[in-house]
Amino acid sequence: MKADSPPVTTSLGFGIGDKAAKLRKSADKPPGVDPPSARILVVDNDPALRRLLSIRLGAANYEVEAVDGARAALDACMRLRPNLVITDLRMGPMDGLGLLKELKSRWPELGVIILTAHGTIPEAVQATQCGAFGFLVKPVEKSELLGQVQRAIASTTVTRVEGDWRADIVSRSQLMEDRLKQAGRAAGTDSPVMLTGESGTGRELFARAIHAASARREKPFIVVTCRAPAEDVLEAELFGLDSGAFGRAAGAFQSAHGGTLLLNEIGDLPMGLQTKLINALRDDHESTGKNRARADVRLICTTSGDLKQMLNAGQFREDLYYRINVLPIEVPPLGRRREDIPLLVSHFLEQATEKSGLAKIYSPKAVELLMTADWPGNVRQLFDLVKHNVGHSRDKVMTEELVQQSLGSDSTRIPSFNDARNEFARGYLVKNLQSTSGNISKSARLAKRNRTDFHKLLLRYRVLAEDFKRNPPRST
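Keep in mind it's a predicted model, so treat the numbers as computed, not measured.

## Here's the deal with the nonpolar core
Turning to step 1, where the next piece is worked out: Among the nonpolar cores identified, the biggest contains 62 residues, and Leu99, Leu103, Tyr362, Leu370 and Leu382 are the most heavily contacted of them.
Turning to step 2, where the next piece is worked out: Beyond its immediate chain neighbours, meaning those up to four positions away, leucine 99 contacts Val43, Ala70, Ala73, Leu74, Thr87, Met91 and Met94.
Turning to step 3, where the next piece is worked out: Ranked by size, the runner-up nonpolar core spans 28 residues in total, among them Cys226, Leu234, Ala252 and Leu311.

This is the structure:
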């Protein structure tokens, strides 16, 4: 390409023109006093191109991470939260267009640039119609790369309000994706939400995500746990306290005015306070006197118990049950989203080692044990175990034996037949992929299945071959 020739994007009608030339010229220079503060994810199955792009972007003072496929890219987006993704169009099993659609469904404001060869330019144009910022033609010219990256980051800045409301929920499972879609829909209303599920599953994270995605995001988010040592203490926390000459101290309902009030473990609320809560939730025209000034609050409740059973036993008010159970969302236990365990472990390892700066990893057998273990304490238990292992391990690689010691003795719980069958199938696939370092063709031959059938099994049991590929150790 001649130095004075227009960039491919201009010739295809993106309307960049002279402004683009100025941006490319400035981008080609060393970073100024205020370098761009942005994270970029590069996705390409060509290691040489990944390295080249990483070097060029790193030299321009961007934070860069490079991965070799779409699944690894989705995992990295959960962990890295990039401002921009640069992805190849032709990849397998999910191509760049499929990755683009998945990224846009999860983070609509995330900028995506497509890498394409000359022969696939029409497909790249199709990608821009699906939401890509633009595309780059291989071989990628340095000035065009940096210029387009600069423009993409400037025009598609990802904010927590618009595109990252679910940032704290680390998952790639379809089950969790379904629940997050429910949460996103709930965020668009002011109706009460009931989050059910076991302790430690992340119900409060869901509540915070709903608040972050709602129109109330700039207002307070107040949390009250209904397991209080005394009823009068909980009453004061919820509805305020008369301080005599000093007036009345505001309670959670007043403090959360305009925002969201989260009531954790609503099933533990005493019957007397259930009545007061019903009165506080009544519409203004239903209230009189002192109770007329009702706070404008969006209510979210959580419970690990069976409120319907409590209602039938006379331990929970029927009118309160139907008032707060308008939009029920079940947050699944970790045992039903085991494909998230490697991703969660990576996320927790990053958190646990952030201050010390000492990178630690689990051995493949240790990860296998973590994926097949029983987790009665759910995600919280997994986090505590990772933190404990990091603190007590003297070696960089944490072993299967260390994990087994942390887990303690095996549970004597007898699973259902379907659960046992599914666990056996998942365990078989995990061991098979472990033995072949994630090579699907070899694993299919070991299983005496053709590659297509084996891939369907992996999809059915939510097992990703990428989790078992062994990368060479990085030089230090």
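## Quick look at the packing of helix H15 (residues 341–352) against helix H17 (residues 378–392)
Turning to step 1, where the next piece is worked out: Two elements in contact, H15 and H17, have axes separated by 9 Å at closest approach and are oriented at 50°. Between H15 and H17, the interaxial angle falls into the category oblique. Our pair here, H15 against H17, has a crossing hand that is right-handed. Contacts between H15 and H17 pair Ile341, Leu344, Val345, Phe348, Leu349, Gln351 and Ala352 from the former with Val379, Leu382, Phe383, Val386, Lys387 and Val390 from the latter.
Turning to step 2, where the next piece is worked out: Taken together, the residues of the contact of H15 with H17 break down into eleven nonpolar, one polar and one charged.

## Structural notes on the pairing of strand E6 (residues 193–196)
Turning to step 1, where the next piece is worked out: Relative to strand E11 (residues 298–303), E6 runs parallel, the two sharing four bridges. In the strand pairing of E11, valine 193 is matched with isoleucine 300.
Turning to step 2, where the next piece is worked out: When E6 meets strand E12 (residues 327–330), the two strands line up parallel, connected through four bridges. Opposite leucine 195, over in E12, you have isoleucine 329 as the bridge partner.

## Quick notes on the packing of aromatic side chains
The description of two aromatic rings rests on the distance between their centres and on the angle between their planes.
Turning to step 1, where the next piece is worked out: The tally for this structure, following the rule as stated, stands at three aromatic pairs.
Turning to step 2, where the next piece is worked out: Arranged with centres 5.0 Å apart and planes meeting at 70°, the rings of phenylalanine 348 and phenylalanine 383 form a pair that is edge-to-face. With phenylalanine 348 in helix H15 and phenylalanine 383 in helix H17, this residue pair connects regions lying 35 residues apart in the sequence.
Turning to step 3, where the next piece is worked out: Assessed through its relative accessible area of 25%, phenylalanine 383 is described here as partly exposed.

## Focus: the environment of glutamine 274
Turning to step 1, where the next piece is worked out: In this fold, glutamine 274 is placed in helix H12 (residues 271–281).
Turning to step 2, where the next piece is worked out: Expressed as a C-alpha distance, the spacing of glutamine 274 and arginine 317, which sit 43 residues apart in the sequence, is 7.0 Å.
Turning to step 3, where the next piece is worked out: If we ignore the near neighbours within four places in the chain, the residues touching glutamine 274 are Leu269, Gln315, Phe316, Arg317 and Leu320.
Turning to step 4, where the next piece is worked out: From its side chain, glutamine 274 meets the backbone oxygen of glutamine 315 in a polar contact 3.4 Å long.
Turning to step 5, where the next piece is worked out: In terms of polar contacts, glutamine 274 uses its side chain to reach the backbone amide nitrogen of arginine 317, at 2.9 Å.

## Considering helix H8 (residues 174–187)
Turning to step 1, where the next piece is worked out: The end-to-end C-alpha separation of H8 is 20 Å, in line with the 20 Å expected for 14 residues at 1.5 Å each.
Turning to step 2, where the next piece is worked out: Buried residues belonging to H8 abut helix H5 (96–106), E6, helix H9 (203–213), E11 and E12.

## Examining the side chain of threonine 302
Turning to step 1, where the next piece is worked out: Within the secondary structure, threonine 302 is located in strand E11.
Turning to step 2, where the next piece is worked out: Taking relative accessible area as the criterion, threonine 302 reaches 0% and is therefore assigned buried.
Turning to step 3, where the next piece is worked out: Here the side chain of threonine 302 touches asparagine 264 through a polar contact of 3.1 Å, side chain to side chain.
Turning to step 4, where the next piece is worked out: Those residues in contact with threonine 302, other than ones at most four positions away along the chain, are Met194, Leu195, Arg203, Leu262, Leu263, Asn264, Glu265 and Ile266.

## A look at the pattern of salt bridges
Turning to step 1, where the next piece is worked out: Summed over all chains, the structure comprises 13 salt bridges.
Turning to step 2, where the next piece is worked out: For lysine 138, the salt bridge is made with aspartate 44, and the minimal N-O distance between the two is 3.6 Å. Within this pair, whereas lysine 138 is found in the loop between strand E5 (134–137) and helix H7 (142–155), its partner aspartate 44 is found in the loop between strand E1 (39–43) and helix H3 (47–59), the two being separated by 94 residues in sequence.
Turning to step 3, where the next piece is worked out: We classify lysine 138 as partly exposed; its relative accessible area is 24%.

## Remarks on unusual backbone geometry
Turning to step 1, where the next piece is worked out: Of note, the bond from lysine 138 into proline 139 is cis; its omega dihedral lies within 30 degrees of zero at -5°.
Turning to step 2, where the next piece is worked out: Considering the arrangement of structural elements, one finds proline 139 in the loop between E5 and H7.
Turning to step 3, where the next piece is worked out: One non-glycine residue with positive phi stands out, namely asparagine 61, at about 75°.
Turning to step 4, where the next piece is worked out: As for its position among the elements, asparagine 61 is in the loop between H3 and strand E2 (63–67).
Turning to step 5, where the next piece is worked out: Its relative accessible area of 40% is what places asparagine 61 among the partly exposed residues.
Turning to step 6, where the next piece is worked out: If you check the backbone angles, lysine 448 has positive phi at about 55° while not being a glycine.
Turning to step 7, where the next piece is worked out: Note on placement: lysine 448 falls in the loop between helix H20 (440–446) and helix H21 (451–460).

## A short note on the sheet that holds E2
Turning to step 1, where the next piece is worked out: With parallel pairing, the five strands of this open sheet are ordered in space as E2-E1-E3-E4-E5. The outermost strands of the open sheet, each flanked by one partner alone, are E2 and E5. Across the sheet, the mean angle separating the axes of adjacent strands is 20° when strand polarity is ignored.
Turning to step 2, where the next piece is worked out: Pairing between E1 and E2: five bridges, direction parallel. Counted as the bridge partner of valine 43 is valine 67 from E2.
Turning to step 3, where the next piece is worked out: In the packing of H3 onto the sheet, contacts are made with E1, E2, strand E3 (84–88) and strand E4 (111–116), and the angle to E2 comes to roughly 175°.

## What about the sheet that holds E11?
Turning to step 1, where the next piece is worked out: In space, the five strands of this open sheet follow the order E7-E10-E11-E6-E12, with parallel pairing throughout. With partners counted over all chains shown, the strands left at the sheet margins are strand E7 (221–225) and E12, one partner each. Across the sheet, the axes of successive neighbouring strands diverge by a mean angle of 20°, strand direction being ignored.

## Quick notes on the side chain of lysine 104
Turning to step 1, where the next piece is worked out: Looking at where lysine 104 falls in the secondary structure, it is placed in helix H5.
Turning to step 2, where the next piece is worked out: Of note is the side chain of lysine 104, whose polar atom sits 2.7 Å from the backbone oxygen of leucine 110.
Turning to step 3, where the next piece is worked out: Setting aside residues up to four positions removed in sequence, lysine 104 forms contacts with Leu110, Cys130 and Gly131.

## Section: the state of the cysteines
Two cysteines, two sulfur atoms, one covalent bond between them: this is a disulfide.
Turning to step 1, where the next piece is worked out: Per the counting criterion, the structure on display carries zero disulfides.
Turning to step 2, where the next piece is worked out: Here cysteine 226 stays unpaired: no disulfide links it, and the sulfur of cysteine 301, its closest cysteine neighbor, is 7.2 Å away.

Reading the values: the criteria
- Residues numbered from 1 in each chain as written.
- Predicted model: local features only at pLDDT ≥ 70, side-chain atom pairs only at ≥ 80, totals over all residues.
- Heavy atoms only, no water.
- Core = buried A, V, L, I, M, F, W, Y, C linked by side-chain atoms within 4.5 Å.
- Buried < 20%, exposed > 50% of the residue type's maximum accessible area, 1.4 Å probe, protein only.
- Contact = heavy atoms within 4.5 Å.
- Axes fitted to C-alpha atoms, helices over the stretch in contact; angles between N-to-C directions.
- Helix = DSSP H or I, 4+ residues; strand = E, 2+ residues; numbered from the N terminus.
- Parallel < 35°, antiparallel > 145°, perpendicular 65-115°, else oblique.
- Left-handed = near helix turned anticlockwise from the far one by under 90°.
- Nonpolar A, V, L, I, M, F, W, Y, C, P; charged D, E, K, R; others polar.
- Pairing = 2+ DSSP bridges.
- Phe/Tyr/Trp six-rings, centres within 6.5 Å; stacked < 30°, edge-to-face > 60°.
- Polar contact = N/O pair within 3.5 Å; in protein donor to acceptor, adjacent residues only side chain to side chain.
- Expected span 1.5 Å × (residues − 1).
- Salt bridge = Lys/Arg side-chain N within 4 Å of Asp/Glu carboxyl O.
- Disulfide = S-S within 2.5 Å.

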